[in-house]
Structures are given as C-alpha cells and as structure tokens.
Amino acid sequence: MPTPEISALTYEEARDELIRVVGELEQGSITLEESIALWERGEALARHCEEWLIGAKARLDAARAGAVASNVSGAAGVPGE
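Below: a short report on this structure. Remember, predicted model here, so these are calculated numbers, not experimental data. (Residues numbered from 1 in each chain as written. Predicted model: local features only at pLDDT ≥ 70, side-chain atom pairs only at ≥ 80, totals over all residues. Heavy atoms only, no water.)

Quick look at the nonpolar core
Within soluble globular proteins, side chains that are nonpolar generally end up buried alongside one another. We count it as follows: As used in this record, nonpolar core signifies buried Ala, Val, Leu, Ile, Met, Phe, Trp, Tyr and Cys residues forming a set joined through side-chain atoms within 4.5 Å. The buried label goes to any residue with under 20% of its type's maximum accessible area, the exposed label to any with over 50%, and the partly exposed label to all in between, with areas taken from a 1.4 Å probe on protein chains only. Secondary structure follows DSSP: runs of H or I at least 4 residues long count as helices, runs of E at least 2 residues long count as strands, and numbering of each begins at the N terminus. Should any heavy atoms of two residues lie within 4.5 Å, those residues are considered in contact.
Counting eight residues, the largest nonpolar core consists of Ile-6, Leu-9, Ala-14, Val-21, Leu-38, Ala-44, Leu-45 and Cys-49. At the level of elements, helix H1 (11-27) and helix H2 (32-75) are the ones that each hand at least two residues to this core. Per element, the largest residue contribution to this core is four residues, and it comes from H2. Ignoring sequence-local partners within four residues, the contact set of Leu-38 consists of Val-21, Glu-24, Leu-25 and Ile-30.

Right under this line is the structure:
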C-alpha cells in the first residue's frame, strides 16, 4: 500500500501513523536505510500534527475572544449595574 501524502492526512491519521512509525523504529528490526526513511517520515508527521494543533488552538482562542467580547458588550446593557 503506498503511503499517503502527509498534507492530505487528518490529525488523527497522522497521529496514528506516527505511533506506528515510532513502534517500528523501537523494534529495531529494519535496516539503517529503512530506519532513516522512517525517521524522516516520523519527523514530517510530527510537524503535521503540530500544525493541526496550532491551528486548533488559534480557532479556540478566536472563539474565546469572540465570547468574551460578546459578554462585555452584552453586560453594558444589564439593568441594575
């Protein structure tokens, strides 16, 4: 089975493949050349996962900022304050 292009993977797919890559490297039953190729793919998978997480954090931060702004503007019209 050909390996999929990393940029096309979801976070979960990349994470699962990274787990598999680490497991295969830890077994130590492959050649040095195969180990290097796996290491390089693992590094790329880890970067891809990190990019997904950074994007998710940015979305959460934006949602929180929007909620705070909404609460602040809504609180100005509350009677009794």
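There's plenty left to go through after this.
Describing H1
Put simply, the test is: To estimate how far a helix should extend, the number of its residues minus one is multiplied by 1.5 Å.
When the terminal C-alpha atoms of H1 are compared, their 24 Å separation across 17 residues agrees well with the 24 Å that a helix rising 1.5 Å per residue should span. Of the residues one or two after H1, Gly-28 is the one with positive phi, at around 70°.

Notes on the side chain of Arg-41
Rules: The term polar contact refers here to a pair of N or O atoms within 3.5 Å; inside protein, the definition further demands a hydrogen-donor-capable atom paired with an acceptor-capable atom, and it admits residues adjacent in sequence only when both atoms are side-chain atoms.
Tracing the backbone shows Arg-41 in helix H2. Residue Arg-41 is classed as buried on the basis of its relative accessible area of 17%. Of the polar contacts made by the side chain of Arg-41, one reaches the side chain of Glu-17; its length is 2.5 Å. Discounting chain neighbours no more than four positions away, the residues touching Arg-41 are Thr-3, Pro-4, Ile-6, Leu-9 and Glu-17.

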